[in-house]
Amino acid sequence: GENVEQHPSTLSVQEGDSAVIKCTYSDSASNYFPWYKQELGKRPQLIIDIRSNVGEKKDQRIAVTLNKTAKHFSLHITETQPEDSAVYFCAASYRGGSNYKLTFGKGTLLTVNP
Amino acid sequence: DARVTQTPRHKVTEMGQEVTMRCQPILGHNTVFWYRQTMMQGLELLAYFRNRAPLDDSGMPKDRFSAEMPDATLATLKIQPSEPRDSAVYFCASGRWGATNEKLFFGSGTQLSVL
């Protein structure tokens, strides 16, 4: 089955700096890569996703890049703000056929210091 | 704003007791997932259903866990008997497989403590 590795497990940045979280996946058939943000005590919420036919996607201060050859994808947050502090999860799945299983990385605790 | 509803939000029980967690997926969603979250293991997939049929429950300890969808508006996860190592947050999530926008929406979770 799919295995997703996520690094780093913790990341501390100063407000205004950029933050980068990286993930690798094992199943070359995976074609859908979402990122979830989970604030303390809350549910995970989708913040951005990318499909394998796209190399990069941006949404305001958040961007995700995908390298299919190397089987890795990254989340980039620019101009970080204290409210960006949360645990971020990457995930991978194959969308097609009868399977729709989303495998998550172990998460990255991002702390943005004011 | 449609949401996945989970009950109870918190459950404290003693080892050996039965625990039932419930989930109401978003209306119109045909896929339901159960995830368990712990500090050590992160988000682990326990089971998932499409159109109420179980597709994969390989992540679930079969001897004590069971997952069902008695109808399209209710999914249940049962643990019997419960053990202290089952203490975790259990999330239900739903989505619409086959749609062009296949986002997964999570419920608020059930915080389970087994003493």
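None of the values given here were measured: they were computed from a predicted structure.

### A few points about the environment of Asp71 of chain B
Residues and elements named next belong to chain B.
Point 1. Structurally, Asp71 can be placed in strand β7 (residues 65-71).
Point 2. Overall, the relative accessible area of 32% leaves Asp71 in the partly exposed class.
Point 3. Separated by 47 residues in sequence, Asp71 and Gln24 have C-alpha atoms that sit 9.9 Å apart.

### What about the nonpolar core?
Point 1. Ranked by internal contacts, the top residues of the largest apolar core, which has 23 residues, are Trp35, Phe73, Leu75 and Leu110 of chain A.
Point 2. Those elements that place two or more of their residues in this core are β2 (10-14), β3 (19-25), β4 (32-38), β5 (45-51), β7 (62-67), β8 (72-77), β9 (86-92) and β11 (108-113) of chain A.
Point 3. Those residues in contact with Phe73 of chain A, other than ones at most four positions away along the chain, are Ile21, Lys22, Cys23, Tyr25, Phe33, Trp35, Thr65, Leu66, Cys90 and Ala91 of chain A.
Point 4. Val4, Met21, Leu46 and Met69 of chain B belong to the second largest nonpolar core, which has 22 residues in total.

### Concerning the sheet that holds strand β1 (residues 5-7) of chain B
Residues and elements named next belong to chain B.
Point 1. Strands sit in the order β1-β3-β8-β7 across an open sheet of 4 strands; the sheet is antiparallel. Every other strand in the sheet has two partners, leaving β1 and β7 as the edge strands with one partner each. Taking the axes of each pair of neighbouring strands and ignoring which way they run, one obtains an average angle of 20 degrees across the sheet.

### Examining the sheet that holds β7 of chain A
Residue and element names in this part refer to chain A.
Point 1. Pairing is antiparallel across the open sheet formed by 5 strands, whose spatial order is β1-β3-β8-β7-β6. With partners counted over all chains shown, the strands left at the sheet margins are β1 (4-7) and β6 (56-59), one partner each. Ignoring strand direction, the axes of neighbouring strands in this sheet form an average angle of 15 degrees.
Point 2. Across 6 bridges, the pairing between β7 and β8 is antiparallel. Paired with Asn67 across the two strands is His72, which belongs to β8.

### Some remarks on the pairing of β6 of chain A
Residues and elements named next belong to chain A.
Point 1. Here β6 runs beside β7; their pairing, made up of 4 bridges, is antiparallel. The residue of β7 that forms the bridge with Lys57 is Val64.
Point 2. Hairpin geometry of β6 and β7 is characterised by an intervening segment of 2 residues between the two adjacent antiparallel strands and by a positive phi of about 60 degrees at Gln60.

### Section: the packing of aromatic side chains
Point 1. Across all of its chains, the model carries 13 aromatic pairs over all chains by this definition.
Point 2. Consider the rings of Tyr36 of chain A and Phe106 of chain B, whose centres lie 5.5 Å apart with planes at 80 degrees: the pair is edge-to-face. With Tyr36 of chain A in strand β4 and Phe106 of chain B in strand β10 (residues 104-106), this pair bridges two chains.
Point 3. By relative accessible area, which is 3% here, Phe106 of chain B ends up buried.
Point 4. Measuring from ring centre to ring centre gives 6.1 Å for Phe33 of chain B and Tyr35 of chain B, while their planes differ by 20 degrees; the resulting arrangement is stacked.
Point 5. A relative accessible area of 0% places Phe33 of chain B in the buried class.
Point 6. By relative accessible area, Tyr35 of chain B is classed as buried at 0%.

### Some remarks on unusual backbone geometry
Point 1. A cis geometry characterises the amide bond from His7 of chain A onward to Pro8 of chain A, with omega recorded as -5 degrees.
Point 2. Inspection of the secondary structure puts Pro8 of chain A in the loop between β1 and β2.
Point 3. Omega for the peptide link from Thr7 of chain B to Pro8 of chain B comes to -10 degrees, which places this bond in the cis form.
Point 4. With respect to the helices and strands, Pro8 of chain B occurs in the loop between β1 and β2 (10-13).
Point 5. Positive phi, close to 60 degrees, is recorded for Lys71 of chain A, a residue that is not glycine.

### Description of the pattern of salt bridges
Residue and element names in this part refer to chain B.
Point 1. If you walk through the whole model with that rule in mind, you get 8 salt bridges over all chains.
Point 2. With a closest N to O distance of 3.4 Å, Glu83 and Arg64 form a salt bridge. Highlighted residues: Glu83 in the loop between β8 (74-79) and β9 (88-95) and Arg64 in the loop between β6 (53-56) and β7, separated in sequence by 19 residues.
Point 3. Given a relative accessible area of 24%, Glu83 falls into the partly exposed group.
Point 4. Among the salt bridges present, the one from Arg64 reaches Asp86, with a minimum N-O distance of 2.6 Å. A residue pair is termed long-range when its members are at least 10 positions apart, and Arg64 in the loop between β6 and β7 and Asp86 in the loop between β8 and β9 qualify at 22 residues.

Thresholds applied
- Residues numbered from 1 in each chain as written.
- Chains lettered and ligands numbered in written order.
- Predicted model: local features only at pLDDT ≥ 70, side-chain atom pairs only at ≥ 80, totals over all residues.
- Heavy atoms only, no water.
- Helix = DSSP H or I, 4+ residues; strand = E, 2+ residues; numbered from the N terminus.
- Buried < 20%, exposed > 50% of the residue type's maximum accessible area, 1.4 Å probe, protein only.
- Core = buried A, V, L, I, M, F, W, Y, C linked by side-chain atoms within 4.5 Å.
- Contact = heavy atoms within 4.5 Å.
- Pairing = 2+ DSSP bridges.
- Axes fitted to C-alpha atoms, helices over the stretch in contact; angles between N-to-C directions.
- Phe/Tyr/Trp six-rings, centres within 6.5 Å; stacked < 30°, edge-to-face > 60°.
- Salt bridge = Lys/Arg side-chain N within 4 Å of Asp/Glu carboxyl O.

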